[in-house]
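Next come the chains, spelled out residue by residue.
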Amino acid sequence: MKKVGIASSGMTKFTKDDISIESLMVASVKPIFDGAKNLTQKDIDVVLTSTNSNEKYLANIVSELSGISPKTAHSVESLCNSGTNCIVSAYAYISSGLADVALVVGAEKNDSPGRVLNWDMSRGQYGHPIYWSSLFTSSHIRKYGTTMEDLARVSAKNHRNALNNPYSYFKHSYSFEEIMNSETLTDNVRLLDCSMTCNGSASILLASEDVINKFTDKPIWIKGIGQKSISAGFTKNNDLASMRSTSLASSDAYQLSHVSPSDIDVVELHDAFSICEIMALEDLGLAEKGKGSIYVKNLYETNDNRINPRGGLIGAGHPLGATGIAQTIEAYQQLQGLSGKRQIERAKTALVHNMSAAATSSTVLILQS
Amino acid sequence: MNRFELELKNNNFICSECLRCKKLVWPPSDYCDKCFGNVTWRQISKIAILLEYSYKGNECFGIVELEGQIRVIGAIQSSSKLQIGQQLILKKCDYDGKAKFVFELQEDTKSI
Ligand SMILES: [Zn+2]
């Protein structure tokens, strides 16, 4: 298997501006070419698109609009973790030797059909994600004594981190008090505990160890990958206070990369709702079970931004098919030392956690400089 | 509407059951997800166990388990405080593009 690294990246600002999915995608491809040395369209063997859009043949459309005639072009869809799954598909093309250079392009519109999984009839009339997140929250409160203040600290921390992210959807931050007093959606989920869908695009260029130095002097390597799908339906989650797909995916990623949770310097994790960050910290092995809230409290009180430095989904916005790629770009830039005000000092190892549909599936990537 | 949706609309909760291994296949499917045996429809018991719940305003919703295998989210009606593990009765089901389930706490039933 060939080593696979990241050679360039591109982002658009997350907005609710009216713009087509194709325009969004090309807008994040342009900076890929601006940022990579010696990259020409002819170098690209594979173009993969990550989106839940109903538009068809997008990988071919983006290729044409970018002047690329790749060997391989197709889309990857897996609801909210489409982005990292698309990166893993590109990784597989390169590590297997089928390709040397792959362009991964993610984008979503804020009215995406990927917001609710209509197939899951076991959710009854409670199909919207706030209901599963509320049941996760009830269960975590019951089992571990999590409080509404604990949840608000997740959102306050991530909104504060997002202030240093120029691509974030939000133009201002929300305080702990504003979050505590924000609109009640259910007994234990407030409006500001939720990530917001929005328009956005993120692209990343992967290349094999044989060619990557042609495009960058600072490659970042994908060292660990773990993916797990438990089910599609929410009600197949046995323990509602933890995310089994996340713990299984991360244990595979740790094993493959020979990295342990204590080696991780910076994390982008899937805070679709406040409770998800607390649960993910526990299921990724970064905090003990039931100690995720204390972990977040400590981060919040010490202004420590190593978990979700770009603001996570809550702080930055959640354009579904772009999210996993935007998370990976943050990890890439942190390891390159190019994160500006968000930079975590001496970051050498990063973890990306991306999941779908009430954690019925999860993807974990481990990156190293 | 398919058979399952029509029956739900008639206030009847049915599910596919494997003819070979007797597993309930939920959500309903044309084949058993354990052994790929053919399935038949059968009536589901109205007794449910409460696994978790929350409120949206005054409306309680929760995840329940029927026959130890089928889990759904439904509305929960109760005049007293709910406890996990309590026995509920499926009071009503319906279909209007989405499945709808309403469960009720039986005041004289004991928690399990
Ligand atoms: Zn069977």
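Residues numbered from 1 in each chain as written. Chains lettered and ligands numbered in written order. Predicted model: local features only at pLDDT ≥ 70, side-chain atom pairs only at ≥ 80, totals over all residues. Heavy atoms only, no water.

Novice: Break down the overall build of chain A for me, citing the residues and quoting the values.
Specialist: When helices and strands are tallied, chain A shows 11 helices and 11 strands. Against the compact-globule benchmark of 21 Å for 369 residues, chain A has a radius of gyration of 19 Å, which places it among compact chains. Seen along its three principal axes, the alpha-carbon backbone of chain A occupies a region of about 55 × 40 × 35 Å. Counting over 369 residues, chain A shows a buried share of 63%. Surface accessibility of chain A: about 13300 Å² in total, with carbon and sulfur atoms responsible for 48%. (Helix = DSSP H or I, 4+ residues; strand = E, 2+ residues; numbered from the N terminus. Rg over C-alpha atoms; globule rule 2.2 N^0.38 Å. Buried < 20%, exposed > 50% of the residue type's maximum accessible area, 1.4 Å probe, protein only. Areas by Shrake-Rupley, 256 points an atom, 1.4 Å probe, with all protein chains shown as cover.)

Novice: Lay out the coordination of the zinc ion with the relevant residues and their values.
Specialist: Six octahedral donors around a metal ideally subtend angles of 90 or 180 degrees, whereas four tetrahedral donors ideally subtend 109.5 degrees. All names here are of chain B. Coordination sphere of the zinc ion, protein contribution only: Cys 18 (SG), Cys 21 (SG), Cys 32 (SG) and Cys 35 (SG), at 2.3 to 2.4 Å. One way to put it: the four donor atoms around the zinc ion meet at angles of 97 to 121°, and that makes the site tetrahedral. Taken in chain order, the donor set of the zinc ion reads C-x2-C-x10-C-x2-C. Cys 32 gets classed as buried once you look at its relative accessible area, which sits at 0%. (Donors = N, O, S within 2.8 Å, 3.2 Å for Na, K, Ca; no water. Tetrahedral: all angles 85-135°; square planar, octahedral: opposite > 155°, others 65-115°.)

Novice: Describe in detail the domain arrangement of chain A, supporting the description with residues and values.
Specialist: Residues and elements named next belong to chain A. By the assigned domains, chain A splits into domain 1 (4-114 + 199-220) and domain 2 (119-195 + 223-368). The straight-line distance from the C-alpha centre of domain 1 to that of domain 2 is 23 Å. In this complex, domain 1 contributes 41 residues to the contact, which on the side of domain 2 involves 36 residues. Between domain 1 and domain 2 lies a buried interface of about 2900 Å² when both sides are counted; carbon and sulfur atoms form 68% of it. Per-residue buried area on domain 1 facing domain 2 is highest for Phe 14, Cys 80 and Ile 220; these three make up 25% of the total on that side. Counting the contacts that link domain 1 with domain 2 gives zero salt bridges. Across the contact surface, domain 1 and domain 2 share 15 residue pairs in polar contact (both at pLDDT 80 or more). (Domains from an automatic or database assignment. Contact = heavy atoms within 4.5 Å. Buried area = accessible area lost by both parts, 1.4 Å probe. Salt bridge = Lys/Arg side-chain N within 4 Å of Asp/Glu carboxyl O. Polar contact = N/O pair within 3.5 Å; in protein donor to acceptor, adjacent residues only side chain to side chain.)

Novice: Account for the sheet that holds strand β1 (residues 14-18) of chain B, with residues named and values stated.
Specialist: Residues and elements named next belong to chain B. If you walk across this open sheet you meet the three strands as β2-β1-β3, and the pairing is antiparallel. Strand pairing shows two members of the sheet lacking a second neighbour, β2 (24-25) and β3 (39-43), which therefore form its edges. The sheet contact formed by β1 and β3 spans five bridges and is antiparallel. Across the sheet, the residue bridging to Cys 18 is Val 39, located in β3. (Pairing = 2+ DSSP bridges.)

Novice: If you had to explain the interface of chain A and chain B to someone new, which residues and values would you point to?
Specialist: Residue-level contacts link 24 residues of chain A with 24 residues of chain B. When chain A packs against chain B, the two sides together hide about 2200 Å² of surface, and 60% of this comes from carbon and sulfur. Of all residues in chain A, A:Met121, A:Gln125 and A:Tyr126 bury the most surface against chain B, accounting for 30% of the area lost on that side. At the boundary of chain A with chain B, the tally comes to one salt bridge. Elements represented by at least two residues in the side of chain A that touches chain B include exactly α4 (129-144) and β5 (184-186) of chain A. Of the residues in the side of chain A that touches chain B, the class split is nine nonpolar, 11 polar and four charged. (Nonpolar A, V, L, I, M, F, W, Y, C, P; charged D, E, K, R; others polar.)

Novice: Tell me about unusual backbone geometry, residues and numbers included.
Specialist: What you tend to see is this: most non-glycine residues have negative phi, and most peptide bonds are trans. Here the amide bond leading from B:Trp26 into B:Pro27 is cis, since omega sits at -10°, within 30 degrees of zero. Along the chain, B:Pro27 falls in the loop between β2 and β3. Phi at A:Tyr57 is positive, roughly 60°, even though this residue is not glycine. Here A:Tyr57 is to be found in the loop between β2 (46-50) and α2 (58-65). Overall, A:Tyr57 belongs to the exposed group, its relative accessible area being 61%. In this structure, B:Glu67 takes a positive phi of about 55° despite not being glycine. Relative to the assigned elements, B:Glu67 resides in the loop between β5 (59-66) and β6 (70-77).

Novice: Before we move on, could you go through the pairing of strand β8 (residues 220-229) of chain A and cite the residues and values that matter?
Specialist: Residues and elements named next belong to chain A. Judged from the two bridges that link them, strand β1 (residues 4-11) and β8 form a sheet pairing that is antiparallel. Residue pairing across strands places Gly 5 opposite Trp 221, the latter belonging to β8. Alignment of β8 against strand β11 (residues 361-368), held across eight bridges, turns out to be antiparallel. From the neighbouring strand, Trp 221 faces β11, where its bridge partner is Gln 368.

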